[in-house]
Amino acid sequence: MTVEQAVFLFTSFLILFSGFMMVTRQNLVHAALYLVVALFGVAVIFVLLEAGFLAVVQVLVYIGAIAILMIFAVMLTRGNATEEQESMNAGFGWAMLLSALFAFALIVMLGQWADIGAMAPALDAGRSTIEELGSALVSPDGYVIPFEVASVLLLAALIGALVVARPQKGGK
Amino acid sequence: MIPLSWYLYLAAGLFGLGLYGVLARKNAIAILMGVELMLNAVNINIVAFWRYLTPQNMSGQAFAVMVFAVAAAEVAVGLALVISIYRRRKTVDADEINLMKW
């Protein structure tokens, strides 16, 4: 077993373990912290896939912004949430069955695909994928329109979030 | 060397966990966390396919960047909705937020 494989196995175990803990913990702050661990594991997976830029963005956006936002929201809405409260739906058995079936079906179907054992082709030495990604995102024959639409989407989300979360005038 | 299948199996497992979180949890914030797990599973898939099948063009990473942007927007709006609902109803329990239930 190579070092890469060992790192991958350890990281994926960590991701799946903390994902499992995240969906089963009663205490939402603990769940959010397990979410941070899982997101960090995904950043490590991106490094293994030689997508360094995405790993950095994963840490910045997911851990630095989204997870912290989650923790803030958990703390802001804690008012009457007691720890003893049942945190699962009545139908969580069905949910467990359905999601297990779904993952199992995915794995079975992937196993039948011919290219499943593909190995990564070597990237050309001296090639800078970050530079290529940067120019692909802004070049007209690349992804400049999705890129601009994404910025409009983010602006809309920003304004929408402000409007939705603002206290009502003469609020109750 | 890691075969492509390992990444795909990891992503399938992570997606299943996220799906379970979305379906089983009562708290709306916990549901959003489950959605985040599912989006991450998808991102692992996208980047793994980029690295293993089409490393010569950057479409895979560009798509992953778009997923990041959409996830950030989704969380911002989702949490704003949750906080707004909490302010009016004093609950974030998805079972009790049934105003639009027919």
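Our subject is the structure listed above.
What comes next is a walk through the structure.

Parameters at a glance
Residues numbered from 1 in each chain as written. Chains lettered and ligands numbered in written order. Predicted model: local features only at pLDDT ≥ 70, side-chain atom pairs only at ≥ 80, totals over all residues. Heavy atoms only, no water. Axes fitted to C-alpha atoms, helices over the stretch in contact; angles between N-to-C directions. Helix = DSSP H or I, 4+ residues; strand = E, 2+ residues; numbered from the N terminus. Parallel < 35°, antiparallel > 145°, perpendicular 65-115°, else oblique. Contact = heavy atoms within 4.5 Å. Nonpolar A, V, L, I, M, F, W, Y, C, P; charged D, E, K, R; others polar. Buried < 20%, exposed > 50% of the residue type's maximum accessible area, 1.4 Å probe, protein only. Polar contact = N/O pair within 3.5 Å; in protein donor to acceptor, adjacent residues only side chain to side chain. Patch = residues over 30% accessible without salt bridge, like charges linked within 9 Å, V, L, I, M, F, W, Y side chains within 5 Å. Areas by Shrake-Rupley, 256 points an atom, 1.4 Å probe, with all protein chains shown as cover. Salt bridge = Lys/Arg side-chain N within 4 Å of Asp/Glu carboxyl O. Buried area = accessible area lost by both parts, 1.4 Å probe. Expected span 1.5 Å × (residues − 1). Core = buried A, V, L, I, M, F, W, Y, C linked by side-chain atoms within 4.5 Å. Domains from an automatic or database assignment.

Further remarks concern the packing of helix H2 (residues 28-48) of chain A against helix H3 (residues 52-76) of chain A. Working note: a packed helix pair is described by the angle between its axes plus the distance between those axes. Residues and elements named next belong to chain A. Interhelical geometry of H2 versus H3 gives an angle of 175 degrees and a closest axis separation of 9 Å. Of the possible angle classes, the one that applies to H2 and H3 is roughly antiparallel. Facing Leu28, Val29, Ala32, Leu33, Leu35, Val36, Leu39, Phe40, Val42, Ala43, Phe46 and Val47 of H2, the residues of H3 in contact are Leu54, Ala55, Gln58, Val59, Tyr62, Ile63, Ala67, Met70, Ile71, Val74 and Met75. When grouped by side-chain class, the residues that make up the contact of H2 with H3 number 22 nonpolar, 1 polar and no charged.

To continue, consider the side chain of Asn27(B). Relative to the assigned elements, Asn27(B) resides in the loop between helix H1 (4-24) and helix H2 (28-53). Residue class for Asn27(B) comes out buried when judged on its relative accessible area of 15%. Of the polar contacts made by the side chain of Asn27(B), one reaches the backbone nitrogen of Ile29(B); its length is 2.8 Å. Here Asn27(B) is in contact with Leu28(A) and Val92(B), once residues within four sequence places are set aside.

Quick look at a nonpolar patch on the surface now. Residue and element names in this part refer to chain A. A surface patch of nonpolar side chains, about 480 Å² in accessible area, is lined by Leu155, Leu158, Ile159, Leu162 and Val163. Residue position: Leu155 is located in helix H6 (residues 144-165). Assessed through its relative accessible area of 47%, Leu155 is described here as partly exposed.

Unlike most non-glycine residues, Glu50(A) shows phi in positive territory, near 60 degrees. Its place among the elements puts Glu50(A) in the loop between H2 and H3. By relative accessible area, which is 38% here, Glu50(A) ends up partly exposed. Residues other than glycine seldom take positive phi values, yet Lys90(B) does so here, at roughly 55 degrees. With respect to the helices and strands, the residue Lys90(B) is situated in the segment after helix H3 (59-89).

The next subject is the pattern of salt bridges. A full pass over the atoms with the stated rule returns 2 salt bridges over all chains. The salt bridge involving Arg51(B) is made with Glu50(A); its shortest N-O contact spans 2.8 Å. Of this pair, Arg51(B) sits in helix H2 while Glu50(A) sits in the loop between H2 and H3, on two different chains. A relative accessible area of 4% means that Arg51(B) is categorised as buried. One salt bridge connects Glu132(A) with Arg127(A), and the closest N-O pair in it is separated by 2.6 Å. Residue class for Glu132(A) comes out partly exposed when judged on its relative accessible area of 26%. Arg127(A) sits in the partly exposed class, given a relative accessible area of 22%.

Attention now moves to the interface of chain B and chain A. The interface is formed by 72 residues belonging to chain B together with 88 residues belonging to chain A. Interface area, chain B with chain A, both sides summed: about 7200 Å², of which 75% is carbon and sulfur. Run the count over chain B and chain A and you get 1 salt bridge. Here chain B and chain A share 12 residue pairs in polar contact (both at pLDDT 80 or more) between them. Of the residues that constitute the side of chain B that touches chain A, the class distribution is 52 nonpolar, 12 polar and 8 charged.

Moving on, we come to the packing of H3(A) against H3(B). Where H3(A) meets H3(B), the closest approach of the two axes is 10 Å, and the angle between their N-to-C directions is 5 degrees. On the basis of their axis angle, the class for H3(A) and H3(B) is roughly parallel. Contact with H3(A), carried on its side by Phe53(A), Leu54(A), Val57(A), Gln58(A), Val61(A), Tyr62(A), Ile66(A), Leu69(A), Met70(A), Ala73(A) and Leu76(A), involves Gln61(B), Ala64(B), Val65(B), Phe68(B), Ala71(B), Ala72(B), Val75(B), Ala76(B), Leu79(B), Ile83(B) and Tyr86(B) of H3(B) and no other residues of that element. Partitioned by chemical class, the residues of the contact of H3(A) with H3(B) number 20 nonpolar, 2 polar and no charged.

Time to look at helix H4 (residues 92-111) of chain A. The end-to-end C-alpha distance of H4(A) is 28 Å, a good match for the 28 Å that 20 residues give at a rise of 1.5 Å each. Of the surrounding secondary structure, the elements contacted by the buried residues of H4(A) are H1 of chain B.

Here we take up the nonpolar core. Core analysis: the biggest nonpolar cluster contains 77 residues, and Ile45(A), Met70(A), Tyr7(B) and Met33(B) have the highest contact counts within it. Put simply, the parts of the chain that give this core at least two residues each are helix H1 (3-24), H2, H3, H4 and helix H5 (129-138) of chain A together with H1, H2 and H3 of chain B. Among the elements that line this core, the one with the most residues is H2(B), at 13 residues. Built from parts of two domains, this core gets at least three residues from each of domain 1 (1-83) and domain 2 (128-167) of chain A. Setting aside residues up to four positions removed in sequence, Met33(B) forms contacts with Met22(A), Leu28(A), Ala31(A), Ala32(A), Leu35(A), Met70(A) and Val74(A).

By themselves these figures say nothing about function.
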